[in-house]
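# Coordinate analysis (summary)
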Number of protein chains: 2
Amino acid sequence: MGCALKTNMLSLWRNFFVLEEQMLEVDCSILTPEPVLKASGHVDRFADLMAKDVKTGECFRLDHLIKSALEKIAADKKTAQNVRDEIADIVVKLDGMTKDEMNDILIKYKIKSPLTGNDLTEPIEFNLMFSTQIGPAGSVKGYLRPETAQGMFVNFKRLLDFNQGRLPFAAAQIGNAFRNEISPRSGLIRVREFTLAEIEHFCDPKEKNHPKFDLIENTEMMLYSACNQMDGKPAQKMTIGEAVRSNLVANESLGYFMARIQLYLLQVGIDKKRLRFRQHMSNEMAHYACDCWDAECLTSYGWVECVGCADRSAYDLTQHTRATNVKLAAEKKLPEPKTITVTEAQANKAVIGKQFKKDAKLITDALASLGETEAQELKAELEKVGECTVRADGREFKLTPEMVSINTLSKTVHVEEVVPNVIEPAFGIGRIMYALLEHSFRIREDDEQRTYFSLPPLVAPLKCCVLPLSNNTDFKPLIRQLSTELSKQNVSHKIDDSSGSIGRRYARTDEVAIPFSVTIDFDSLNTPHTATLRHRDTTLQLRLPVSDIPLAICDLASQRRSWEDLEKVYPKFEQQEASKAS
Amino acid sequence: MGCALKTNMLSLWRNFFVLEEQMLEVDCSILTPEPVLKASGHVDRFADLMAKDVKTGECFRLDHLIKSALEKIAADKKTAQNVRDEIADIVVKLDGMTKDEMNDILIKYKIKSPLTGNDLTEPIEFNLMFSTQIGPAGSVKGYLRPETAQGMFVNFKRLLDFNQGRLPFAAAQIGNAFRNEISPRSGLIRVREFTLAEIEHFCDPKEKNHPKFDLIENTEMMLYSACNQMDGKPAQKMTIGEAVRSNLVANESLGYFMARIQLYLLQVGIDKKRLRFRQHMSNEMAHYACDCWDAECLTSYGWVECVGCADRSAYDLTQHTRATNVKLAAEKKLPEPKTITVTEAQANKAVIGKQFKKDAKLITDALASLGETEAQELKAELEKVGECTVRADGREFKLTPEMVSINTLSKTVHVEEVVPNVIEPAFGIGRIMYALLEHSFRIREDDEQRTYFSLPPLVAPLKCCVLPLSNNTDFKPLIRQLSTELSKQNVSHKIDDSSGSIGRRYARTDEVAIPFSVTIDFDSLNTPHTATLRHRDTTLQLRLPVSDIPLAICDLASQRRSWEDLEKVYPKFEQQEASKAS
């Protein structure tokens, strides 16, 4: 059932984002060669801090360890108020702390292993990526991707071509990502393998307005700004239009996606009262991001980040350009041609080849891909010192004026180069699914043993359950015919012909969130055949001609028609439903 | 576009198998702990043979290497006919050959590295699974799953419970699998990461008839039996009913799935004339399988296995039962209670505990899970020799009569235990997709520069392209309105308002398999608004009221209505389409 729920959530996601916004969709490999993740910074920096029990070797994620140890101290009645205040301050700042700062806290508060009381090691950086070897020779290192985004960055050129060179455009990818979490926990919330649905919206850094912003600008949202978090104030309700106009949200494109994220979450069935957007504080935001908001859902585990929405500026494309010397940029036609001065290095390949042999290509490539500022600096160095230093592949090469000449010249250009900025909404599908299950869990007022999930028909795992009142074989042809007609309308359904009272079987369909049930009873055998249609949330029943049922459920399931619409057309069917699930 | 095609193929697959057959669907993790794949036999045996160039270390997959080396010899005009015959015989048998047999061939034909001519090493077994470490301590070994099936076997108990203990039932899973291929090649056909859609149909070994067999028994199929392969005869056309009745196909359940596989492939758009089912020969079939048929598609790479369909008997559940001592079996109610004699071991835990200390539990568990035959053997051994040997965890333990007594007694039983057999249809989605692209590629008769894919609307990446005749801004409101209405009908579409002649833009939509195009021209601006609807395969056009278009395309896309149906209702629109793609 969870599988069908997830499939329906993803299908809605594709309709809502990929199809409605005409995004380009990609499906990149999970196995990722090391150079890609080296360029992105993941090999060097995608780590969590941990500390080990010096005797047992047990590993603890450092921030979780400190938080729970300090909260225990703060809960102790004997702890002085000033210590409590200090602890409260640390807990807020923990996310942005360095290794040394955390180590100081370990020492100051004498934090030990929570399981054994043993001493702990100093903080250790633990890279969260799973590594493996690709190919039979064992010489190619790879990782399981820790996010789906990199596949879209390295394919940027193809995507841009497919979009005929025009900005803005967005790419989307749904797939699994892997993080070797130090301590997986909380069910679907912190797992080592999870499904992401990510969007990379590539836009001109100077044109972050969004053409469809007017469609969503009046969307009311609960925004928890960085300022309010620091000042201990609560989240505030405002429209996304107000938020962008007051510069609380950095730009229209970011705001557009925030509003769309909210609309998607509400359509899936997330409770609006348990949803907020929290802005990253400067100490937790990646240094390159210019603004970042998390859609958080309130669950029994507290507020949980379910969707991140960041303006990542030009960081990612720049990183990959640097690593590969392949320019990941778009060209923008200038309103009119302009004359510019450019500084270019002219390599004397013969001399460089003779001097540097097999490194020659490295050097000439580096010279060819110099930026304007770098070229000017080299020129100055060459003129001043009589030689200059070029860096390539992590090494330095000294070049003389015989090897390279650097000239400033005038050029008429018709286009300008733009390194697109990236707005990245990233959905943690498992987390949304978990929050959704909590938000839609209901207990019947008259019987706390009877529970159900009030999932919207659009995402409910199955749309309908077909129930013969009893085992009587006379019901079979009608059931088979109805099932065939439901399949023709693409209505997913199950047939529950197991023994058990009808009340117990209703309870079972409620528990797996099936929104509609059709019961075939003895009256159904008379012509024209009729049957009852039951609504999960209200347990109300209507009596319909069997021939009307497939289309009625198809319309209800796609939410083109509501239960109330049907009530206007068909008579109520009154019968006491066994109230106990016994 | 490929991504959308794949999504549509998978969505159709879910409708066709999971929903229509009411299968249970699961979504297991890709990361798999070692014990699971140890139990399944993959850790020990999931290997390909390779040989390395002794100097460069380059690796070659042995069967591919031998095949191409021998084919080269056979192609040589100087090669004698008897050698050619021998080679032809080897090539047929290659799939089932042992390491030593292949080594003999390497030596006999003096096969060298095809790249350098250097000598090769002896054959080496190379395990095809990607391994990694799970968790921060680095002590838990895991693999990326090489197939999705194992997740369904280890979850068998849950699935059976969910099905209320009843057989038969089927589980299905769609997801990625990974094989560290020695030499990936042929585009999507041999890749290291690929999407599988697998079904495990669990049934009583004595009841392999299928309740819905009558619905498909007249399906005509091209069957290439093991006998015909050995005798050098071609595949034969027959109905699946005939094939099962003549025992060519082992049983109705296997036959049912073979027919359903064919129906699915045809619905997706595979060419019936380029599809056959090839039976595994006894030397290539896994030893536990009792029958296995591959759905093969003819491509430019030859016949390619796209779907496997095997009767795997009780092998998998038995393996996992053995490894875990957890019985993976179902209970079948007997028509009437019966009295049976059973042989049971009664462990004297005190004595065993004293003697074997921490191994005691291993031994008592092994005694508790003895099968009837094993128990009888132990009893005989104990009576004859005065002690008996119990195996657990790969070790042997000697037990004396003080430690264990083995008794035969009578019991009345109401159920019998059944280890279900498994019929496994396994779909390689990437391979089907590749074959589909070859099978649906078309060149226009009047212009070989104009090509298109004749994908069925159901799986085509996008259903519709909306084209304004020119850049004229008067078209914009109508385009926007049409796009909104198409979205409401869930019709995936793109708007191509780029510059370029209408002919060139039609060519572009044809190339990405969009089956229908709507063109807004100057006549469209008059009320009532009308537009042309163009059919990709025939390039014919009709003139429709704009308000009719969304529903018409929705019906065409879901294949509820055909183009011919529309031709009866709407007038033809005659206009020369620029025949050159220029």
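As annotated in an unreviewed UniProt entry, chain A carries the name Glycine--tRNA ligase and comes from Bemisia tabaci. You can read under Sequence similarities (unreviewed entry) in the UniProt record for chain A the words "Belongs to the class-II aminoacyl-tRNA synthetase family." Listed under Subunit (unreviewed entry) in UniProt, the entry text for chain A is "Homodimer."

A tally of helices and strands in chain A yields 21 helices and 26 strands. Counting only C-alpha atoms, chain A reaches 100 × 70 × 55 Å along its principal axes. Residues classed as buried in chain A amount to 52% of the 582 residues present. Accessible area of chain A: about 27,900 Å², with a carbon and sulfur share of 50%.

This part takes up the sheet that holds strand β24 (residues 516-520) of chain B. Residues and elements named next belong to chain B. With respect to topology, five strands assemble into an open sheet ordered β23-β22-β24-β25-β26, the strand pairing being mixed. At either margin of the open sheet sits one strand with a lone partner, and together these are β23 (493-495) and β26 (541-545). In this sheet, neighbouring strand axes are inclined to one another by 25 degrees on average, regardless of whether the strands run parallel or antiparallel. Looking at chain direction, strand β25 (residues 530-535) and β26 are connected through five bridges and run antiparallel. In the sheet register, T530 faces β26, and the bridge partner there is P545. Here helix α19 (residues 502-511) sits on the sheet and contacts β22 (464-468), β24, β25 and β26; the angle it forms with β22, its principal contact strand, is near 165 degrees. On the sheet, helix α20 (residues 549-557) packs against β22, β24, β25 and β26 and is oriented at approximately 165 degrees with respect to β24.

Residue and element names in this part refer to chain B. Two elements in contact, helix α4 (residues 62-75) and helix α5 (residues 81-93), have axes separated by 10 Å at closest approach and are oriented at 155 degrees. Viewed along their axes, α4 and α5 adopt a mutual orientation that is roughly antiparallel. Pair α4 / α5 crosses with left-handed handedness. Judged by residue contacts, K67, L70, I73 and A74 of α4 engage R84, I87, I90 and V91 from α5. Taken together, the residues of the contact of α4 with α5 sort by class into six nonpolar, no polar and two charged.

All names here are of chain B. In terms of burial, strand β13 (residues 291-299) is largely enclosed, as eight of its nine residues are buried. When β13 meets strand β14 (residues 302-311), the two strands line up antiparallel, connected through nine bridges. The residue bridging C297 from the neighbouring strand is V304, located in β14. Counting the residues that bridge the hairpin from β13 to β14 gives two residues.

Our focus in this paragraph is the relation of the copies chain B and chain A. It takes a turn of 180 degrees to lay chain B on chain A, together with a shift of 0.0 Å along the axis; the resulting RMSD is 0.2 Å. The transformation relating the two chain copies, once decomposed into turn and shift, fits a two-fold axis. Measuring from the rotation axis to each C-alpha of chain B, the shortest distance belongs to T132 of chain B, at 2.8 Å. When the interface residues of chain B are mapped onto chain A, 100% of them again lie at the interface, so the same face is used by both copies.

Our next topic: the side chain of E193 of chain B. On the secondary structure map, E193 of chain B appears in strand β9 (residues 193-203). R145 of chain A is the oppositely charged side chain nearest to the buried, salt-bridge-free E193 of chain B, at an N-O distance of 5.7 Å. A polar atom in the side chain of E193 of chain B sits 3.0 Å from the backbone nitrogen of L31 of chain A. E193 of chain B has contacts with C28, S29, I30 and L31 of chain A together with N176, A177 and F178 of chain B, leaving out every residue within four places of it along the chain.

Time to look at the interface of chain B and chain A. Size of an interface: often given as the accessible area lost when the parts come together. Taken together, the 51 residues of chain B in the interface contact 51 residues of chain A. In total, chain B and chain A occlude about 3,900 Å² of area from one another, counting both sides; carbon and sulfur atoms represent 54% of this. Linking chain B to chain A there are two salt bridges. With a shortest N-O distance of 2.7 Å, K6 of chain A and D27 of chain B are connected by a salt bridge. The tally of links from chain B across to chain A stands at 12 residue pairs in polar contact (both at pLDDT 80 or more).

A separate point is the UniProt feature "domain: Aminoacyl-transfer RNA synthetases class-II family profile" (unreviewed entry) in chain A. This chain's UniProt record puts "domain: Aminoacyl-transfer RNA synthetases class-II family profile" (unreviewed entry) on residues 110-461 of chain A. A helix fraction of 28% and a strand fraction of 37% characterise residues 110-461 of chain A, whose end C-alpha atoms lie 50 Å from each other.

Residue and element names in this part refer to chain B. Orientation of helix α14 (residues 349-356) relative to helix α15 (residues 360-368), taken along the N-to-C sense of each, is 140 degrees, at an axis distance of 8 Å. Our classification of the angle between α14 and α15 gives oblique. Seen from α14, the contacting residues are K349, I352, G353 and F356; seen from α15, they are A360, I363, T364 and L367. Broken down by class, the residue content of the contact of α14 with α15 amounts to five nonpolar, two polar and one charged.

Turning our attention to the pattern of salt bridges. For the coordinates displayed, the defined rule picks out 80 salt bridges over all chains. The closest approach of N and O atoms between R190 of chain A and E181 of chain A, which form a salt bridge, is 3.6 Å. Each member of the pair, R190 of chain A as well as E181 of chain A, carries the same accessibility label: buried. A salt bridge links R534 of chain B to D510 of chain B; its shortest N-O distance comes to 3.0 Å.

Before going further, it helps to spend a moment on the sheet that holds strand β4 (residues 59-61) of chain A. Pairing between the strands of a sheet comes from backbone hydrogen bonds, and it takes one of two forms, parallel or antiparallel. All names here are of chain A. Here we have three strands laid out as an open sheet, ordered β4-β3-β5, and antiparallel in their pairing. With one partner strand each, in any of the chains shown, β4 and β5 (124-127) form the two edges of the open sheet. The average angle at which neighbouring strand axes cross in this sheet is 50 degrees, direction not considered. Strand direction decides the pairing type here: strand β3 (residues 47-52) and β5, joined by four bridges, are antiparallel. Within β5, the residue paired with M50 across the bridge is I124. Packed on one face of the sheet, helix α4 (residues 62-75) meets β3 and β4 and runs near 80 degrees to β4.

The subject of this paragraph is helix α13 (residues 315-324) of chain B. All names here are of chain B. Of all the residues in α13, the buried ones are Y315, D316, L317, Q319, H320 and T321. Tucked into the core, α13 has its buried residues touching α2 (34-39), α3 (42-45), α7 (149-154), α8 (156-162) and β9. Within two residues after α13, N325 carries a phi angle of roughly 60 degrees, on the positive side.

Another aspect to go through is unusual backbone geometry. Here L167 of chain B and P168 of chain B are connected by a cis peptide whose omega angle stands at -10 degrees. Along the chain, the position of P168 of chain B falls in the loop between α8 and β8 (169-178). Its identity is not glycine, yet Q22 of chain A carries a phi of approximately 50 degrees, on the positive side. Position of Q22 of chain A among the secondary structure elements: in the loop between α1 (2-19) and β1 (24-25).

Bringing the confidence of the model for chain A into the picture now. For chain A, the mean per-residue pLDDT works out to 92, and 99% of the residues sit at or above 70. Contacts for the low-pLDDT stretch residues 578-582 of chain A, under 50 throughout, to residues beyond four places or in other chains number 13 contacts.

We now examine a nonpolar patch on the surface. All names here are of chain A. On the surface, L469, F522 and L525 cluster together to form a nonpolar patch covering roughly 230 Å² of accessible area. Among the secondary structure elements, L525 is positioned in the loop between β24 (516-520) and β25 (530-535). On the basis of relative accessible area, L525 is assigned to the partly exposed category, the value being 30%.

Thresholds, definitions, all that
- Residue positions are given per chain, counting from 1 as you read along its sequence in written order.
- Chains and ligands are labelled sequentially in the order written, the chains with letters from A and the ligands with numbers from 1.
- It should be noted that, the model being predicted, local features are given only for residues of pLDDT at least 70 and side-chain atom pairs only at 80 or more, the latter also being counted only at that level, while totals for whole chains, interfaces and linings use all residues.
- Working from all heavy atoms in the structure, the side-chain values ignore hydrogens and water.
- UniProt positions are given in the numbering used here, feature names are shortened, and annotations may be inferred rather than shown by experiment.
- A run of H or I in DSSP counts as a helix once it spans at least four residues, and a run of E counts as a strand once it spans at least two, with each numbered from the N terminus.
- Each residue gets one of three labels from its accessible area relative to the maximum for its type: buried under 20%, exposed over 50%, partly exposed in between, using a 1.4 Å probe on protein chains only.
- Here the accessible surface of atoms and residues is derived via Shrake-Rupley with a 1.4 Å probe, and residues count as covered only by protein chains that are part of the display.
- Two strands make a pair as long as DSSP finds a minimum of two bridges between them.
- Between N-to-C directions, angles span 0 to 180 degrees; the directions come from axes that are lines fitted to C-alpha atoms, helices contributing only their stretch in contact.
- Residues count as neighbours in contact if any of their non-hydrogen atoms are within 4.5 Å of one another.
- The cut-offs work like this: below 35 degrees is roughly parallel, past 145 is roughly antiparallel, 65 to 115 is roughly perpendicular, and the gaps in between are oblique.
- The sense of a crossing depends on the near helix, which, turned anticlockwise from the far helix by less than a right angle, makes the crossing left-handed and, turned clockwise, makes it right-handed.
- Each residue is assigned to one class: nonpolar for Ala, Val, Leu, Ile, Met, Phe, Trp, Tyr, Cys and Pro, charged for Asp, Glu, Lys and Arg, and polar for all the others, Gly among them.
- Alignment of the copies relies on least squares applied to C-alpha atoms, considering only residues that score at least 70 for pLDDT in both.
- Within this scheme the basic residues Lys and Arg register as positive and the acidic residues Asp and Glu register as negative, but His and the chain ends are omitted.
- Take a side-chain nitrogen of Lys or Arg and a carboxyl oxygen of Asp or Glu: if they are within 4 Å of each other, that pair is a salt bridge.
- Counted as a polar contact is a pair of N or O atoms within 3.5 Å, where, for protein atoms, one must be capable of donating a hydrogen and the other of accepting one, and residues adjacent in sequence contribute only when both atoms are in side chains.
- By convention, the term buried area covers the 1.4 Å-probe accessible surface removed from two parts as they join, with the contributions of both added.
- Each residue carries a pLDDT score, the predictor's own confidence in it, on a scale running from 0 to 100.
- Patches draw on residues past 30% relative accessible area with no salt bridge. Two like charges within 9 Å are joined, as are two nonpolar side chains (Val, Leu, Ile, Met, Phe, Trp, Tyr) within 5 Å.

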